[in-house]
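Summary of structural features
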Amino acid sequence: QVQLVESGGGLVQPGGSLRLSCAASGRLFEIHAMGWYRQAPGKQRELVAIITNIGITNYADSVKGRFTISRDSAKNTVFLQMNTLKPGDTAVYYCIVQDTIPKTYWGQGTQDAVSS
């Protein structure tokens, strides 16, 4: 079993910041990448940011320059620093872990809301 525990979501005003964390544990094979997806009401789930085991990152165009993904490989933890948040960033954010089998594991999701 693999567990992904997310934290850091919440309600913030436009222009504010949030920092998400996701810690992976359990019977993990070698991790290839960790990242974040999000799903807004009525929309499809979309990739927000991903980071590989050698530090290569990829971001959705909508968050470039505002969000930063990082990881602590020793602790199997991934972070998402979200700055200059907009109402359009309101969504449920899901952590993902991809191992080298390959297999993808999903977190339970954390709700982030950006509203004045």
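**Some words on the packing of aromatic side chains**
Inspection of every chain in the model, using the stated rule, returns two aromatic pairs. On the numbers, 6.4 Å between centres and 75° between planes, the contact of tyrosine 94 with tryptophan 106 is edge-to-face. Of this pair, tyrosine 94 sits in strand S9 (residues 91–99) while tryptophan 106 sits in strand S10 (residues 104–106), placing them 12 residues apart in sequence. By relative accessible area, which is 14% here, tyrosine 94 ends up buried. Site record: aromatic cluster; members linked through ring pairs are Tyr37, Tyr94 and Trp106. In this structure, arginine 45 packs its charged tip against the face of tyrosine 94, placed 3.9 Å from the ring centre. The side chain of arginine 45 reaches across the aromatic face of tryptophan 106, ending 4.9 Å from its centre.

**Remarks on the sheet that holds strand S1 (residues 2–7)**
As summarised here, the arrangement of the four strands in space is S1-S3-S8-S7, forming an open sheet in which the pairing is antiparallel. The sheet is open, and its two borders are formed by S1 and strand S7 (67–72), each paired with just one other strand. On average, each strand axis in the sheet is inclined to that of its neighbour by 15°, with strand direction left out of account.

**Regarding the environment of histidine 32**
Tracing the sequence through the fold places histidine 32 in strand S4 (residues 31–39). Considering only alpha carbons, one finds histidine 32 and isoleucine 101, 69 residues apart in sequence, at a separation of 9.1 Å. Those residues in contact with histidine 32 that sit more than four places away from it in its chain are Ile51, Thr52, Asn53, Arg71, Gln98, Asp99 and Thr100.

Reading the values: the criteria
- Positions within a chain are numbered from 1, following the residues in the order the chain's sequence is written.
- Only residues with pLDDT of at least 70 are given local features in this predicted model, and only at 80 or more are side-chain atom pairs given and counted; all residues enter the totals for whole chains, interfaces and linings.
- Side-chain calculation: all heavy atoms of the structure are included, whereas hydrogens and water are not.
- Ring pairs are drawn from Phe, Tyr and Trp, using the six-membered ring of Trp, whenever the two centres fall within 6.5 Å, and their geometry is named by plane angle: stacked under 30 degrees, edge-to-face over 60, tilted for the rest.
- Secondary structure is summarised from DSSP: a helix means a run of H or I of at least four residues, a strand means a run of E of at least two, and numbering begins at the N terminus for each.
- Partly exposed residues are those whose accessible area sits between 20% and 50% of the maximum for their type, while under 20% is buried and over 50% is exposed, using a 1.4 Å probe and protein chains only.
- A ring is scored as having a charge over it whenever the NZ atom of a lysine or the CZ atom of an arginine sits within 6 Å of its centre and within 35 degrees of its normal.
- When DSSP finds two or more bridges between two strands, those strands count as paired.
- Here the axes come from fitting lines to C-alpha atoms, over the contacting stretch only for helices, and the angles between their N-to-C directions go from 0 to 180 degrees.
- Contacts: residue pairs with any heavy atoms within 4.5 Å of one another.

Honestly, it's all geometry; don't read function into it.
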